[in-house]
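Chain residues, written in single-letter form:
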Amino acid sequence: MKCNGAALVISTGASAALRKKSDSLLPDGVIDVIGEFEPGDVVELRDSVGCVLGRGLVNYRSSDCKLLAGKSTDDIGSVLGWRGYALTRSRWIAHCFDS
């Protein structure tokens, strides 16, 4: 897996949750999307000043992440026009590692 310089900028709350116990980033923890990516790509997870906190394997393309940023997982269907994937995992924006 290769990181192409694309990134998700995440909130302070999302950063704290990822450091404590979670390995999943939900849409409401995303505050900005940088670059272009597709599902399955690895992106950096950055704080609001640009520091790299870790990396994540994304489930949605960058254009969809831009639409979902800051939204509740319950809003995925109405925002994208499709409900997402059948598994609960689809509600995640990214599966996080190396944080």
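The rules behind each value
Residues numbered from 1 in each chain as written. Predicted model: local features only at pLDDT ≥ 70, side-chain atom pairs only at ≥ 80, totals over all residues. Heavy atoms only, no water. Helix = DSSP H or I, 4+ residues; strand = E, 2+ residues; numbered from the N terminus. Buried < 20%, exposed > 50% of the residue type's maximum accessible area, 1.4 Å probe, protein only. Phe/Tyr/Trp six-rings, centres within 6.5 Å; stacked < 30°, edge-to-face > 60°. pLDDT = per-residue confidence, 0-100. Contact = heavy atoms within 4.5 Å. Core = buried A, V, L, I, M, F, W, Y, C linked by side-chain atoms within 4.5 Å. Salt bridge = Lys/Arg side-chain N within 4 Å of Asp/Glu carboxyl O. Pairing = 2+ DSSP bridges.

(A) Broad picture of the overall build of the chain. Regarding its fold elements, the chain presents 3 helices and 6 strands. Along the chain, helices (α) and strands (β) appear in the sequence β-α-β-β-β-β-α-α-β when read from the amino end. Taking all 99 residues of the chain together, the buried fraction comes to 37%.

(B) How the structure looks around the packing of aromatic side chains. Under the counting rule described, the total for this entry stands at 1 aromatic pair. Both rings, one in Y60 and one in W82, keep their centres 6.1 Å apart while their planes meet at 45°; by these two values the pair is tilted. On the criterion of sequence distance, the pair formed by Y60 in the loop between β5 (52–58) and α2 (62–68) and W82 in the loop between α3 (76–80) and β6 (94–97) is long-range, its members being 22 residues apart. Its relative accessible area of 1% is what places Y60 among the buried residues.

(C) The arrangement of the confidence of the model for the chain in detail. With 78% of its residues at a pLDDT of 70 or more, the chain has an overall mean of 82. Within the model, pLDDT remains below 50 along residues 86–91, and this stretch shows 14 contacts once partners closer than five positions in the same chain are excluded.

(D) Up close: the nonpolar core. Counting residues in hydrophobic clusters, the biggest one holds 17 residues, and the most contacted among them are L8, L25 and F37. Elements with a minimum of two residues in this core: β1 (3–10), α1 (12–20), β3 (30–34), β4 (42–46), α2 and α3. Looking at this core, the element that brings in the most residues is β1, giving 3 residues.

(E) Broad picture of the pattern of salt bridges. Inspection of the entire model under this criterion finds 3 salt bridges. R61 is the salt-bridge partner of E38, the closest N and O atoms lying 3.7 Å from each other. Highlighted residues: E38 in the loop between β3 and β4 and R61 in the loop between β5 and α2, separated in sequence by 23 residues. By relative accessible area, which is 42% here, E38 ends up partly exposed. Between E44 and R46 there is a salt bridge whose closest N-O contact spans 2.7 Å. For R46, a relative accessible area of 18% corresponds to the buried category.

(F) Up close: the pairing of β5. As judged from the 5 bridges shared by β4 and β5, these two strands associate in the antiparallel manner. Note on β5: the bridge partner recorded for V43 is G56. In textbook terms, the turn of a hairpin is the stretch between consecutive antiparallel strands, and for β4 and β5 this stretch comprises 5 residues, one of which, G50, has a positive phi near 100°.

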